[in-house]
Amino acid sequence: MSQADQIRSGQGFIAALDQSGGSTPKALRLYGVEEDAYGSEAEMFDLIHGMRARIVAAPAFTGEKVIGAILFEMTMDREFGGKPAPSFLWEDKGVVPFLKIDKGLEAEANGVQLMKPMPGLDDLLARAAKKGIFGTKERSVISAANAEGIKAIVAQQFEIGAQVLSHGLIPILEPEVTITIADKAEAEDMLLAEITAHLDNVPEGQQIMLKLSLPTKANQYASLVAHPKVMKVVALSGGYSREEANGLLSQNAGVIASFSRALTEGLSAQQSDEDFNATIAETIDGIYSASIAG
């Protein structure tokens, strides 16, 4: 099966293993590693790589239920199981490798946070393609139903997406809607309209992917799931607990999970391999079931 077939028709979800410098201390703390356990950024990244390596090595972490995984740039350049990480994921596990490419967020304006500039993006994309990366992911954030802001955020997402497509990679566009805002449903209506308008400009025969917050209205994004220029719609957990996220996800037919924190919930550096593998297997089963529901 090709990587595109695995994403289009594989049953399962995409694991987000792309915690960056800013979110790593929190991810490690939840994993039972306090900040006094490392004295430098390099040590911190070694520890988080250890956590990721342990997750992907787990017997349950295979393409049967985990169809893809999003990597941090530094992870792409490291190894899992003695092989370059992207090769290990696809060749040994049947899991399609993606790369997080954004460099973080600008300050909020018009109720949104655009992505910071990405100098050297073409070089990074060329390098990723050489390493066997299938696609990319880029995140920006919507915190209000502000038409001008949402227009800007979707335009930027599609602009970077076009650059990614030009390297033969599949972009996952991620305009996240903050789950706690009062006008979330309204923001999601605006977002749907903007994305739909921009899909017309995606060249014939090419496809993008979308990573969206779990919507207030079930099946809000059904038209995107069915759109010929959309390979897959995936959902982020966005701060919901895994149980809440799975419950909401199962109400959205054709949308699959791409969870980060909800995937690592309950894992600990102190667990024996047996306990760790049992916990991750149970987690994978739960997220998988929610992803294929509906």
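In this text, all values refer to a predicted model and were calculated from it rather than measured experimentally. Each chain carries its own residue numbering, running from 1 in the written order of its sequence. Reporting in this predicted model follows two pLDDT cut-offs: at least 70 for local features of residues, and 80 or more for side-chain atom pairs to be given and counted; totals over whole chains, interfaces and linings ignore these cut-offs and use all residues. Side-chain calculation: all heavy atoms of the structure are included, whereas hydrogens and water are not.

### Considerations on the overall build of the chain
Stage number 1. Under the DSSP-based scheme used, a helix requires at least four consecutive residues in state H or I and a strand at least two consecutive residues in state E, with every element numbered from the N terminus. For the chain, the helix and strand inventory stands at twelve helices and eleven strands.
Stage number 2. A compact globule built from 294 residues should have a C-alpha radius of gyration of about 19 Å, and the chain, at 18 Å, falls within 12% of that.
Stage number 3. Seen along its three principal axes, the alpha-carbon backbone of the chain occupies a region of about 50 × 40 × 40 Å.
Stage number 4. Only protein chains enter the accessibility calculation, which uses a 1.4 Å probe; a residue whose area is less than 20% of its type maximum is buried, one above 50% is exposed, and one in between is partly exposed. In the chain, buried positions account for 52% of the 294 residues.
Stage number 5. Sequence separation of 24 or more characterises 71% of the internal contacts of the chain that already satisfy a separation of 6 or more.
Stage number 6. In the form shown here, the chain has an accessible surface area of approximately 11900 Å², with 51% of it arising from carbon and sulfur atoms.
Stage number 7. Placing the 25 positive and 39 negative side-chain charges of the chain at their respective mean positions leaves the two points 2 Å apart. Using C-alpha atoms as the atom set, the radius of gyration is obtained and then compared with a globule rule of 2.2 Å times the number of residues to the power 0.38. Two residues form a contact once any of their heavy atoms are found within 4.5 Å. Here the open area of atoms and residues is found with the Shrake-Rupley method and a 1.4 Å probe, where only the protein chains shown may cover a residue. This count recognises Lys and Arg as positive and Asp and Glu as negative, with His and chain-terminal groups excluded. Charge positions are represented by NZ for Lys, CZ for Arg, CG for Asp and CD for Glu.

### Observations regarding helix 5 (residues 85–93)
Stage number 1. Burial in helix 5 covers these residues: A85, P86, S87, F88, L89 and K93.
Stage number 2. On its buried face, helix 5 is in contact with helix 3 (41–57), strand 2 (66–71), helix 4 (73–76), strand 3 (79–80), strand 4 (83–84) and strand 5 (96–100).

### A short note on the nonpolar core
Stage number 1. In this text, buried Ala, Val, Leu, Ile, Met, Phe, Trp, Tyr and Cys residues form a nonpolar core when linked through side-chain atoms within 4.5 Å. If you look at the biggest cluster of nonpolar residues, it comprises 80 residues, and the most contacted ones within it are F13, F61, I101, L191, I195 and L224.
Stage number 2. Judged by nonpolar contacts, the second largest core, of 15 residues, contains I67, I70, I170 and I172.

### Here we look at the pattern of salt bridges
Stage number 1. Salt bridges are defined by distance alone: a side-chain nitrogen of Lys or Arg within 4 Å of a carboxyl oxygen of Asp or Glu. Applying the stated rule across the entire model yields 19 salt bridges.
Stage number 2. Salt-bridge contacts for E194 lead to K151; the nearest nitrogen and oxygen are separated by 3.3 Å. Of the two residues, E194 is situated in helix 8 (residues 184–199) and K151 in helix 7 (residues 147–165); the sequence distance between them amounts to 43 residues.
Stage number 3. Assessed through its relative accessible area of 17%, E194 is described here as buried.
Stage number 4. According to the relative accessible area criterion, K151 is partly exposed, its value standing at 49%.
Stage number 5. Across the pair E188 and K184 runs a salt bridge whose closest N-O atoms are separated by 2.9 Å. Of this pair, E188 and K184 are both found in helix 8, four residues apart, which corresponds to roughly one turn of the helix.
Stage number 6. Classification of E188 as buried rests on a relative accessible area of 1%.
Stage number 7. For K184, a relative accessible area of 5% puts it in the buried group.

### A closer look at the packing of aromatic side chains
Stage number 1. Under the pairing criterion, centres of Phe, Tyr and Trp rings, with the six-membered ring standing for Trp, must be within 6.5 Å; the plane angle then separates stacked pairs below 30 degrees from edge-to-face pairs above 60, leaving the rest tilted. The tally for this structure, following the rule as stated, stands at four aromatic pairs.
Stage number 2. Between F45 and F72, the ring centres sit 5.7 Å apart and the planes meet at 25°, which makes this aromatic pair stacked. Of this pair, F45 sits in helix 3 while F72 sits in the loop between strand 2 and helix 4, placing them 27 residues apart in sequence.
Stage number 3. Both a distance and an angle decide whether a charge sits over a ring: NZ of Lys or CZ of Arg must be within 6 Å of the ring centre and within 35 degrees of the ring normal. Seen from the ring of F276, R54 lies directly overhead, with NZ or CZ sitting 4.1 Å from the centre.
Stage number 4. Positioned above the aromatic ring of Y288, the side-chain terminus of K65 is 5.2 Å from the ring centre.

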